[in-house]
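What follows is the residue order along each chain.
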Amino acid sequence: GSSCHVHISLNNKDGSSAIGTKEGGLSKIGQHFLAGLVNFAPDFMALYGPYSNSYKRLQPGSLAPSNSSWGWDNRSVMVRAMGDKALRFEFRLPGADANPYWIISAILASGIAGINNELEPPDPVEGNAYEADAQPIPMDLNESVQAFSVSDVAMEAFGPQVFRHLLRLCEHERDVGRRAVTDWEISRGFERA
């Protein structure tokens, strides 16, 4: 499946980077924003992967993330920090089938929650993130809907009405997907019978 990588830069009023330092490291704001992205990815996975089919690309070794991790210029992590003086984050979790407005809203909600709560990110992953001891992400739409349905961060970010609307859309898509039987499943059933 195709992905929808989103590059994120935050600037101060004077145009300087709010997430990076002059030395090329992460500022405090950058650390908190990054921690929000990493910590709250499961809460918003239903928006990053809105269909049952969305999860098939999230396989180890596929260059799509399979856990909630980050690292410096590492293509196996969920959030790739890159650049030096023009530091930015590449958020690599959403699929090409996701609504870009939902993606941006979820990213901002996660980052802002990280800043407001002064969260600290885990250590960066060096090497293969598929083998890292990192927080798992939901690997199917049902798990994602469950995580979204109890997310205080999503409820606060979207407000009760929009949150309920999005939850109903996600639940509907999950329920419709549960009723669908694909050609592969029929073929596999005959093969295994």
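Within each chain, residues carry numbers counting from 1 in the order of the written sequence. Predicted model: local features are reported for residues with pLDDT of at least 70 only, side-chain atom pairs are reported and counted for 80 or more only, and whole-chain, interface and lining totals are derived from all residues. Think of the side-chain values as coming from all heavy atoms in the structure, minus any hydrogens and water.

## Concerning the nonpolar core
Convention followed: To qualify as a nonpolar core, a set must consist of buried Ala, Val, Leu, Ile, Met, Phe, Trp, Tyr and Cys residues joined through side-chain atoms within 4.5 Å. For each residue, the accessible area found with a 1.4 Å probe, counting protein chains only, is set against the maximum for its type, and the residue is called buried under 20%, exposed over 50%, and partly exposed in between. Each helix is a run of H or I in the DSSP string that is no shorter than four residues. Each strand is a run of E no shorter than two, and both are numbered from the N terminus.
By size, the foremost hydrophobic cluster in this structure holds 43 residues, and its most contacted members are Phe44, Phe89 and Phe148. Listed by contribution, the elements that provide at least two residues to this core are strand 1 (6–8), helix 1 (28–39), helix 2 (41–48), strand 4 (79–82), strand 5 (88–91), helix 3 (100–116), helix 4 (141–149) and helix 5 (152–179). Broken down by element, this core gets its largest block of residues, seven residues, from helix 5.

## Quick look at helix 5
Here is the rule we go by: The span you would expect from a helix comes to 1.5 Å times its residue count less one. We define the bend at any residue as the angle between the axes fitted to the seven residues before and including it, ending there, and the seven starting there. Any two residues whose heavy atoms approach within 4.5 Å are treated as being in contact. Pairing of N or O atoms within 3.5 Å defines a polar contact, subject to two protein rules: one partner must be a possible hydrogen donor and the other a possible acceptor, and residues neighboring in sequence count only if both atoms are side-chain atoms.
Between the first and last C-alpha of helix 5 there are merely 30 Å, a value that for 28 residues lags more than 12% behind the 40 Å anticipated at 1.5 Å per step. Its axis deflected by about 115 degrees at glycine 159, helix 5 carries its strongest bend there, up to four residues before the proline proline 160. Taken together, the buried positions of helix 5 are occupied by Val153, Ala154, Phe158, Gly159, Phe163, Leu166, Leu167, Cys170 and Arg174. Against the buried residues of helix 5 lie helix 2, helix 3 and helix 4. Two or three places before valine 153, at the start of helix 5, stands the capping residue serine 151, its side-chain oxygen 3.4 Å from that residue's backbone nitrogen.

## Let's talk about a nonpolar patch on the surface
To keep things clear, this is the line we draw: Without a salt bridge and with relative accessible area above 30%, a residue can belong to a patch; like charges are then joined within 9 Å and nonpolar side chains (Val, Leu, Ile, Met, Phe, Trp, Tyr) within 5 Å. Throughout, the Shrake-Rupley method with a 1.4 Å probe supplies accessible areas, and for residues the shown protein chains are the sole cover considered. What makes a salt bridge here is a side-chain nitrogen of Lys or Arg within 4 Å of a carboxyl oxygen of Asp or Glu, nothing more.
A cluster of nonpolar residues, Ile104, Leu108 and Ile112, forms a patch on the protein surface that exposes about 240 Å² of accessible area. Inspection of the secondary structure puts isoleucine 104 in helix 3.

## Observations regarding helix 2
When you tally the buried positions in helix 2, you get eight out of eight residues, the bulk of the element. Along helix 2, the residues classified as buried are Ala41, Pro42, Asp43, Phe44, Met45, Ala46, Leu47 and Tyr48.

## Side note on the pattern of salt bridges
Pairing is possible between side chains of opposite charge, provided their charged atoms come close. Within the structure shown, the criterion is met by seven salt bridges. Ionic pairing is found between arginine 92 and glutamate 90, a salt bridge with its closest N-O pair at 3.5 Å. Overall, glutamate 90 belongs to the buried group, its relative accessible area being 5%. In the salt-bridge network here, residues are joined through shared partners; they are Asp73, Arg80, Glu90 and Arg92.

## Comments concerning the packing of helix 1 against helix 3
Relative placement of two packed helices is described by the angle separating their axes and the distance separating the axes. Rules: The convention used is that axes are lines fitted to C-alpha atoms, helices contributing only their stretch in contact, and that angles between N-to-C directions extend from 0 to 180 degrees. Under this scheme an angle from 65 to 115 degrees is roughly perpendicular, one under 35 degrees roughly parallel, and one over 145 degrees roughly antiparallel; angles in between are oblique. The sense of a crossing depends on the near helix, which, turned anticlockwise from the far helix by less than a right angle, makes the crossing left-handed and, turned clockwise, makes it right-handed. Three categories are distinguished: nonpolar for Ala, Val, Leu, Ile, Met, Phe, Trp, Tyr, Cys and Pro, charged for Asp, Glu, Lys and Arg, and polar for the others, with Gly belonging to the last.
In the contact formed by helix 1 and helix 3, the axes pass within 6 Å of each other and the chain directions differ by 125 degrees. One finds that helix 1 runs oblique with respect to helix 3. Relative to helix 3, the crossing made by helix 1 is right-handed. Of helix 3, the residues touching helix 1 (which contributes Ile29, His32, Phe33, Gly36 and Leu37) are Ile107, Ser110, Gly111, Ile112, Gly114 and Ile115. Among the residues forming the contact of helix 1 with helix 3, the class breakdown is six nonpolar, five polar and no charged.

## Observations concerning the packing of aromatic side chains
Pairs of aromatic rings are described using the distance from one ring centre to the other and the angle between the two planes. Let me state the cut-off plainly: The rule is short: rings of Phe, Tyr and Trp, with Trp giving its six-membered ring, pair when the centres are within 6.5 Å, and they are stacked under 30 degrees, edge-to-face over 60, tilted in between.
Counted by the stated rule, this structure contains six aromatic pairs. For the pair phenylalanine 33 and phenylalanine 89, a centre-to-centre distance of 6.5 Å together with 5 degrees between the ring planes defines the contact as stacked. Of the two residues, phenylalanine 33 is situated in helix 1 and phenylalanine 89 in strand 5; the sequence distance between them amounts to 56 residues. Aromatic rings pair up to connect Phe44, Phe148, Phe158 and Phe163 into one cluster.

## A short note on the sheet that holds strand 3 (residues 70–72)
What counts, and what does not: By definition, two strands form a pair when at least two bridges between them are found by DSSP.
Overall, mixed pairing links the four strands, which are arranged 1-5-4-3 in an open sheet. Strands at the two margins of the open sheet, each flanked by one partner only, are strand 1 and strand 3. The mean angle between the axes of side-by-side strands here comes to 25 degrees, regardless of whether they run parallel or antiparallel. Examined bridge by bridge, strand 1 and strand 5 share three bridges and lie antiparallel to one another. Within strand 5, the residue paired with valine 6 across the bridge is phenylalanine 91.

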